[in-house]
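Descriptive structure summary
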Amino acid sequence: MLIIDDLTRRFGPEAAVDRVSLAVPAGQVVGVIGPTGAGKSTLLRLINRLIDPSAGRILCDEVDVAKLNGRALRAWRSECAMIAAQFTLVGQLSATTNVLAGLLAVMPQWRSKAQIFTPRERGLALQALARVGMDHAARQPVAVLSQAGQRRVAIARALAQRPKLLLADDPLVGLDRPQATGVMAALRGINRQDGMTVICALSDPDVAMAACDRIIGMRDGRIVFDGAAATLGRKQLCNIYGGVAVDSLHLSEKLDLVSAA
Ligand SMILES: Nc1ncnc2c1ncn2[C@@H]1O[C@H](COP(=O)(O)OP(=O)(O)OP(=O)(O)O)[C@@H](O)[C@H]1O
Ligand SMILES: [Mg+2]
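The notes below deal with the structure included here. The structure presented is a predicted model; accordingly, all values stated were derived computationally and were not measured. (Residues numbered from 1 in each chain as written. Chains lettered and ligands numbered in written order. Predicted model: local features only at pLDDT ≥ 70, side-chain atom pairs only at ≥ 80, totals over all residues. Heavy atoms only, no water.)

**Notes on the site of ligand 1**
If you check the shell around ligand 1, you find F11, A16, P35, T36, G37, A38, G39, K40, S41 and T42 and nothing else. Within the contact set of ligand 1, an oxygen atom lies 3.0 Å away from a backbone nitrogen or oxygen of G39. One nitrogen or oxygen atom from the side chain of K40 is found 2.7 Å from an oxygen atom belonging to ligand 1. Expressed as a share of its isolated accessible area of 630 Å², the protein-covered part of ligand 1 is 53%. Here the element with the most residues in the shell around ligand 1 is helix α1 (residues 40–47); it accounts for three residues. When its residues are assigned to classes, the shell around ligand 1 shows four nonpolar, five polar and one charged. (Near = heavy atom within 4 Å. Polar contact = N/O pair within 3.5 Å; in protein donor to acceptor, adjacent residues only side chain to side chain. Areas by Shrake-Rupley, 256 points an atom, 1.4 Å probe, with all protein chains shown as cover. Helix = DSSP H or I, 4+ residues; strand = E, 2+ residues; numbered from the N terminus. Nonpolar A, V, L, I, M, F, W, Y, C, P; charged D, E, K, R; others polar.)

**Section: the environment of A180**
Mapped onto the secondary structure, A180 falls in helix α7 (residues 177–194). In contact with A180, other than residues within four places in its own chain, are L172, L175 and V207. (Contact = heavy atoms within 4.5 Å.)

**A word on the sheet that holds strand β6 (residues 80–83)**
As summarised here, the arrangement of the six strands in space is β6-β7-β8-β3-β9-β10, forming an open sheet in which the pairing is mixed. Here the strands that pair on one side only, and so sit at the sheet edges, are β6 and β10 (222–228). Averaged over all pairs of adjacent strands, the angle between their axes in this sheet comes to 15 degrees, without regard to strand direction. Bridge count between β6 and strand β7 (residues 165–169): four bridges; the pairing is parallel. Residue pairing across strands places M82 opposite L167, the latter belonging to β7. The sheet contacts of α7 involve β3 (29–33), β7 and β8 (197–201), and relative to β8 the element is tilted by about 155 degrees. (Pairing = 2+ DSSP bridges. Axes fitted to C-alpha atoms, helices over the stretch in contact; angles between N-to-C directions.)

**Topic: the pattern of salt bridges**
In the structure shown here, the tally under the stated rule is 12 salt bridges. Among the ionic pairs, R222 bridges to D18, the shortest N-O distance being 3.1 Å. On the criterion of sequence distance, the pair formed by R222 in strand β10 and D18 in strand β2 (residues 14–24) is long-range, its members being 204 residues apart. Relative accessible area serves as the criterion here: at 43%, R222 is assigned to the partly exposed category. Residue classification places D18 among the buried positions, given a relative accessible area of 19%. For the salt bridge of D61 with K164, the shortest nitrogen-to-oxygen distance reads 3.2 Å. (Salt bridge = Lys/Arg side-chain N within 4 Å of Asp/Glu carboxyl O. Buried < 20%, exposed > 50% of the residue type's maximum accessible area, 1.4 Å probe, protein only.)

**Digging into unusual backbone geometry**
Phi angles above zero are rare outside glycine, and D6 is one such case at about 55 degrees. As for its placement among the helices and strands, D6 is situated in strand β1 (residues 2–11). Its identity as a non-glycine residue notwithstanding, D61 has a phi of 45 degrees, on the positive side. Along the chain, D61 falls in the loop between β4 (55–60) and β5 (63–64). With a relative accessible area of 45%, D61 lands in the partly exposed category.

**Comments concerning α1**
Of all eight residues making up α1, six are buried, and the element is well covered by its neighbours. Among the residues trailing α1, R49 stands out with phi positive, at a value near 65 degrees.

**What about the packing of helix α6 (residues 147–160) against α7?**
Remark: α6 packs on α7, axes separated minimally by 10 Å, with the N-to-C direction vectors making an angle of 20 degrees. On the basis of their axis angle, the class for α6 and α7 is roughly parallel. The chirality of how α6 crosses α7 is right-handed. In this structure, α6 contributes A148, R151, R152, I155 and L159 to the contact, and α7 contributes Q179, G182, V183, A186, L187 and I190. (Parallel < 35°, antiparallel > 145°, perpendicular 65-115°, else oblique. Left-handed = near helix turned anticlockwise from the far one by under 90°.)

**Digging into the side chain of Q28**
Mapped onto the fold, Q28 is located in the loop between β2 and β3. In terms of polar contacts, Q28 uses its side chain to reach the side chain of R214, at 2.9 Å. Aside from chain neighbours lying at most four places away, what touches Q28 is N191, M196, T197, V198, D213 and R214.

What follows is the structure in structure tokens.
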């Protein structure tokens, strides 16, 4: 269970995340939605301690993550893998080598510096690629893969870390709807098999509703909606995005059915 308790992060006088509280049971798939600047990325970055909170607590299985430092902090970062918005894959290296980079955080320093991998580690990397349907591309440089293929490799790299918690910041940016749905289906499949908790910041509420158990709607750093995807209707979306913005979101007919219910 991940518990976020009254969490705030200020940049100057402005709070990017403003007194956020939520509890995420292990194994849940949570979609964080909201307009640009709502605080979605900041919330994810706080959870894996890429940035420090100004106030509040982050508890994972009763450990106060906000207070960790040194080795314990590094261990936490490898337990909650982050797939960032700007994918940090290295284009000229093969998919396998990129996935192996996910192991660097959890291997002895002398080996990570020399980038020496054991056959077992190479096997784990191939397994991770297979789980996202990319084993056929193991030897190809990442730069020649499609956008969607690159996202899948980024997920495989996170999986190689064997995290408890997978954080994905805008993992679908630049993908069309079928590609986005495919990448989310791969994440969902992993969640079902491993029971890994997944928290994704998503810019398309329609995809979020289809793929997530629970939706957190943020606006101006605060949570303005927290509920099952099936209970998110037009009224709630207007509250999150504002009325005019909702009309430009091209939401599916399903949403109208939900809001009419
Ligand atoms: N390092 C920083 N320094 C100063 N302000 C920041 C920093 N990071 C984020 N902010 C501010 O915090 C607020 C929330 O930003 P954040 O990136 O979390 O929003 P977001 O919901 O992820 O937006 P987007 O949908 O565009 O990715 C914004 O007003 C942003 O300008
Ligand atoms: Mg963001």
